[in-house]
Amino acid sequence: MNNVIVVASGKGGTGKSTVAAALSAALVKLKKRVLLIDCDCGMRGLDLMLDVESEILFDCADAICGNCKSIEAVYRSKNLGELFLMAAPFHTDNEISPSVFTQLVEELKSDYDYIVIDSPAGLGSGFSTAAAPAELALIVTNAEPVSLRGAVKLRSRLTELGKTNIRLVINRFDRKQFKELGRYRDLDEVIDISGTQLIALVPFDTRLSAIMQNGLVGLNWCPAENVFDCLAQRVEGKDIPLAFRG
Ligand SMILES: Nc1ncnc2c1ncn2[C@@H]1O[C@H](COP(=O)(O)OP(=O)(O)OP(=O)(O)O)[C@@H](O)[C@H]1O
Ligand SMILES: [Mg+2]
């Protein structure tokens, strides 16, 4: 099953939140009901991306601590109908343990076709919590050495956690920059180093970045859009070619 997906990276800033939000929006286009859970405790951002920041009264920690019913911590996105958000706590007062987070996801699972979890960067406890309930892990990397080292470390940590369904997303890819970097022969070498099967290659796209800061409005005009449509179909198990090959 691929219905609970964690989006993670070893290095920060590779584009996890962008991929999590855009993949969720693409799944909604496939008529799926999707819950995005922001697990980046103390550094949440998806409420801004989905333009619901002023509505958030409760977050996932409130749902876990019993300050509210779990449904009360779920907010419908403004522009994307069946896309829902559970925010991360604004502050990091209490750590959420993997087992209680898994319990929360188990409780919510039957109400959604997909639950997409946005992990904090790194291999720390926040990541372990985010990954605990996942049936599919997407490792987001950029095609550069530091990011790729993070992807390799993350894969091995995911394996230690017993995860076997792991795929690679190479994000912010720019052919010219990649050539100038001159570090790798081609993208196959990047994929080989990561040790993880590629599921999507996302181009560097300034429009995507702007759309993500504006409530995801206009995602359907964005050059990277078909990449996420393709990613959503691949997550659904469809055997279709990559939308962008660099
Ligand atoms: N494909 C892309 N093309 C251009 N810009 C992108 C792309 N993907 C992400 N970005 C930009 O890169 C920056 C970091 O993205 P994002 O916040 O999604 O990363 P992150 O991995 O979630 O970061 P963090 O580790 O801090 O949680 C943002 O400004 C975002 O708009
Ligand atoms: Mg993020």
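The preceding data block contains the structure.
Treat the numbers as computed from the prediction; the structure is a model and nothing was measured.

### Some words on the site of ligand 1
- Taken together, 20 residues form the shell around ligand 1, and within it Gly12, Gly15, Ser17, Thr18 and Ser209 come nearest.
- For the shell around ligand 1, the elements supplying multiple residues, two or more each, are α1 (16–29), β7 (166–173) and α9 (206–212).
- Per-element accounting of the shell around ligand 1 gives the leading share, 4 residues, to α9.

### Comments concerning the nonpolar core
- Judged by nonpolar contacts, the single largest core of 84 residues is most densely connected at Ile5 and Leu36.
- Looking at this core element by element, the count peaks at 9 residues for α1.
- Among residues more than four places away in sequence, those in contact with Leu36 are Ala20, Ala21, Ser24, Leu46, Leu83, Phe84, Leu85, Val116 and Asp118.

### A word on the sheet that holds strand β8 (residues 198–203)
- The strand order β3-β4-β2-β5-β1-β6-β7-β8 describes an open sheet built from 8 strands, whose pairing is mixed. Two strands lie at the open edges of the sheet, namely β3 (75–76) and β8, each paired on one side alone.
- When β3 meets strand β4 (residues 83–86), the two strands line up antiparallel, connected through 2 bridges. Looking at β4, one finds that Tyr75 is bridged to Leu85.
- Sheet strands in contact with helix α4 (residues 98–109) are β1 (4–8), β2 (34–38) and β5 (114–118), and its direction is about 150° off that of β5.

### So, the packing of helix α6 (residues 145–160) against helix α8 (residues 187–194)
- Interaxial distance between α6 and α8 falls to 8 Å at its minimum, and their mutual angle equals 35°. Across the interface between the two elements, Leu148, Ala151, Val152 and Arg155 from α6 touch Val190, Ile193 and Ser194 from α8.
- A breakdown of the residues in the contact of α6 with α8 according to their chemical character gives 5 nonpolar, 1 polar and 1 charged.

### Description of the pairing of β2
- Within β2, 5 of the 5 residues are buried, which leaves it mostly tucked inside the rest of the structure.
- Both faces of β2 are covered, namely the face carrying Val34, Leu36 and Asp38 and the face carrying Leu35 and Ile37.
- Bridge count for β2 against β4 is 4 bridges, and the pairing is parallel. Bridge pairing in β4 places Leu35 opposite Phe84.
- Bridge count for β2 against β5 is 5 bridges, and the pairing is parallel.

About the thresholds
Residues numbered from 1 in each chain as written. Chains lettered and ligands numbered in written order. Predicted model: local features only at pLDDT ≥ 70, side-chain atom pairs only at ≥ 80, totals over all residues. Near = placed C-beta within 6 Å. Helix = DSSP H or I, 4+ residues; strand = E, 2+ residues; numbered from the N terminus. Core = buried A, V, L, I, M, F, W, Y, C linked by C-beta atoms within 7 Å. Buried ≥ 20, exposed ≤ 12 C-beta atoms within 10 Å, placed from the backbone. Contact = placed C-beta atoms within 7 Å. Pairing = 2+ DSSP bridges. Axes fitted to C-alpha atoms, helices over the stretch in contact; angles between N-to-C directions. Nonpolar A, V, L, I, M, F, W, Y, C, P; charged D, E, K, R; others polar.

Geometric values such as these leave the question of function open.
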